[in-house]
Amino acid sequence: METINTFDALVAGAGLSGLTAAYVMAKSGMKVAVVERGAHPGAKNVMGGVLYCQPTEQVFPEFAREAPLERCIVQQNLWVLSETGALQTGVKNQAWNKQYPNGFTVLRAKFDKWLSQKVIEAGALIIPETNVTDVIMENNTVIGLRTDRENGDLYAKMVIASDGVHSLVARKAGLKEEWKNNQLSLTVKEIIVLSRKQIEDRFHLTQDEGATIECVGDATNGLMGVAFIYTNKDTLSVGAGTLLSEMIRARKNPNDLLEHFKTHPCIAPLLEGGKTHEYLAHLIPEGGYHAVPKVYKAGLLLTGDAAGLVNSFHREGSNLAIMSGKIAAETALEACQRGDFSETFLSLYKKKLDESCIMKDLKKYANAGSFFEKRNHFFTLYPNTAVQSATEWLTVDSVPKRLKQWKIIRSLVRIRPFFGLLSDGIGALRKML
Ligand SMILES: Cc1cc2nc3c(=O)[nH]c(=O)nc-3n(C[C@H](O)[C@H](O)[C@H](O)COP(=O)(O)OP(=O)(O)OC[C@H]3O[C@@H](n4cnc5c(N)ncnc54)[C@H](O)[C@@H]3O)c2cc1C
């Protein structure tokens, strides 16, 4: 059958990875169209979220000056919560200030709109309010996308699947099954309105500086997951998420988890008086290295969440989406120049991903997820004991310090036998280092 290649490349999904891929290809002179189901790019997108500068600047050097950004993150905190208290650690450093930014909080509805303008200026076509419903294949090669528009079949030499965690394109092309429940995190998030001054006073920030607080332990009711607060200009992004399998096991619903987090005695004062402006829920592919599917096929590449490229231990997904979008676009450009869209040639994309920090980082934590999943006490016993021990150590009550030390050691051994503690410690270090 003869087909007309209307485009050099089609991109399914106008999120971070799809818009990046479209931008890089259009800038190189390729004829590109992006199909997006939302009313505009960003309309359906959810992120906490911190966007990192270095990977973004590699593609959009002007973004820190031009894009609608919220606050420059100068402070990152990790809080271990017990029912009543918190062990707080963190880094605040002007080395991350606006002059040398590491990351900014963004609101995706605004940010993706800006990004899509860049893509249009580069010469790509964005087709909004259009669902991709199938892939069009010929001789086991992807040659186009079927959409829900009338006469909505679109053809191209290459397709890039950037349609997020549920990637219909990846499934229809036979690259991916549905994720398992322990490979997905269900996260709910509220955007809570406070004044700029309230945010700056409560989080000890000066103008346009931002902070992140990530919380484990009682934050998620002892389930494997994380709750967070990110500061925006005059709102807070407040969320909680755990593996879907954990929620099912503990019969919890995500909204209850978020409410539990919001009322914790260390969290509630930070949110006091805030008005909820928006409520969002989204899945994150957190299966890591072992869950990454085959990411190429003749005529097709998968990017970002569609390929499961999320490093949950470092809260990184946006950067991996942008980087994989760029690498996919560069591979597509090479394929166009050679006129070779075969699976053999497109396997170059996986090789490039493997050589980048994307797959190197996912590989580093390849077995960490399953290690913690089998050891729920990391999210229950240990956080409680850590807060209790620190409280005991710092309470001045005429008990000699040596006695306090023994009390703490005894309480540790009481919750877990010595060899259990040792194997947890060594195991955790081996999986994380
Ligand atoms: C609550 C939450 C907090 C997060 N926080 C952070 C953070 O702080 N830092 C960080 O780096 N990462 C964070 N992430 C992860 C990050 O948001 C994602 O990894 C990243 O957005 C993935 O980009 P993407 O382009 O692959 O997919 P997406 O951004 O999800 O884009 C997919 C696009 O495809 C479109 N689409 C889907 N199906 C179809 C279809 N059939 N037809 C047409 N269009 C379709 C969607 O509408 C969407 O526009 C967070 C994620 C969540 C959910």
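Residues numbered from 1 in each chain as written. Predicted model: local features only at pLDDT ≥ 70, side-chain atom pairs only at ≥ 80, totals over all residues.

Structural notes on the domain arrangement of the chain
Split by domain assignment, the chain resolves into domain 1 (7-68 + 106-177 + 290-355), domain 2 (181-285) and domain 3 (370-432). The gap between the C-alpha centroids of domain 2 and domain 3 is 26 Å. Counting residues at the interface gives seven residues for domain 2, matched by five residues for domain 3. Class assignment of the residues belonging to the side of domain 2 that touches domain 3 gives a composition of three nonpolar, three polar and one charged. (Domains from an automatic or database assignment. Contact = placed C-beta atoms within 7 Å. Nonpolar A, V, L, I, M, F, W, Y, C, P; charged D, E, K, R; others polar.)

Observations concerning the packing of helix 10 (residues 318-338) against helix 11 (residues 343-355)
Where helix 10 meets helix 11, the axes come as close as 9 Å, and the angle between the chain directions of the two elements is 150°. The angle between helix 10 and helix 11 falls in the class roughly antiparallel. In this structure, helix 10 crosses over helix 11, and the sense of that crossing is right-handed. For the pair helix 10 and helix 11, contact is made by Ser324, Ile327, Ala328, Thr331, Ala335 and Arg338 and by Phe345, Leu346, Leu348, Tyr349, Lys352 and Leu353, respectively. Taken together, the residues of the contact of helix 10 with helix 11 break down into eight nonpolar, two polar and two charged. (Axes fitted to C-alpha atoms, helices over the stretch in contact; angles between N-to-C directions. Helix = DSSP H or I, 4+ residues; strand = E, 2+ residues; numbered from the N terminus. Parallel < 35°, antiparallel > 145°, perpendicular 65-115°, else oblique. Left-handed = near helix turned anticlockwise from the far one by under 90°.)

As for helix 4 (residues 108-121)
With 14 residues, helix 4 should reach 20 Å at 1.5 Å per residue; the first-to-last C-alpha distance of 20 Å fits that figure. Buried within helix 4 we find Arg108, Phe111, Asp112, Leu115, Ser116, Lys118 and Val119. The arc enclosing the buried residues of helix 4, seen along the axis, measures out at 155°, which places them on a common side. Following helix 4 by one or two positions, Gly123 has its phi on the positive side, about 110°. (Expected span 1.5 Å × (residues − 1). Buried ≥ 20, exposed ≤ 12 C-beta atoms within 10 Å, placed from the backbone. Arc of directions from axis to C-beta.)

Re the environment of Ser356
Take Ser356: it is sitting in the loop between helix 11 and helix 12 (357-364). The sequence separation of Ser356 and Lys326 amounts to 30 residues, and the corresponding C-alpha distance is 12 Å. Sequence-distant contacts of Ser356, that is, excluding residues within four places in its chain, are made with Met323 and Ile327.

Describing the pairing of strand 14 (residues 235-243)
Among the nine residues of strand 14, nine are classified as buried, and the element is accordingly described as predominantly covered. Sheet topology places strand 13 (residues 225-231) next to strand 14; seven bridges connect them, and they run antiparallel. By the bridge assignment for strand 14, Val226 is matched with Gly241. The antiparallel hairpin formed by strand 13 and strand 14 contains three residues in its connecting segment. (Pairing = 2+ DSSP bridges.)

A word on unusual backbone geometry
A positive phi angle is found at Glu129, which is not glycine, with a value near 50°. Taking the number of C-beta atoms within 10 Å as the measure of exposure, Glu129 has 13 and is therefore partly exposed. One non-glycine residue, His204, lies in the positive phi region at around 55°. Locating His204 in the fold gives a position in the loop between helix 6 (196-202) and strand 12 (209-217). Owing to 10 C-beta atoms within 10 Å, His204 belongs among the exposed residues under this scheme.

Brief notes about the nonpolar core
Counting residues in each nonpolar core, the largest one holds 117 residues, and the members touching the most others are Ala9, Leu10, Ala22, Val32 and Val159. No other element matches the nine residues that helix 10 contributes to this core. (Core = buried A, V, L, I, M, F, W, Y, C linked by C-beta atoms within 7 Å.)

Some thoughts on the environment of Asn45
Looking at the secondary structure, you find Asn45 in the loop between strand 2 (32-35) and strand 3 (50-52). Look at Asn45 and you get buried, because 21 C-beta atoms sit within 10 Å. Along the backbone, Asn45 and Leu320 are 275 residues apart, and their C-alpha atoms lie at a distance of 16 Å. Excluding its chain neighbours within four sequence positions, the residues that come into contact with Asn45 are Gly15, Arg108 and Asp112.

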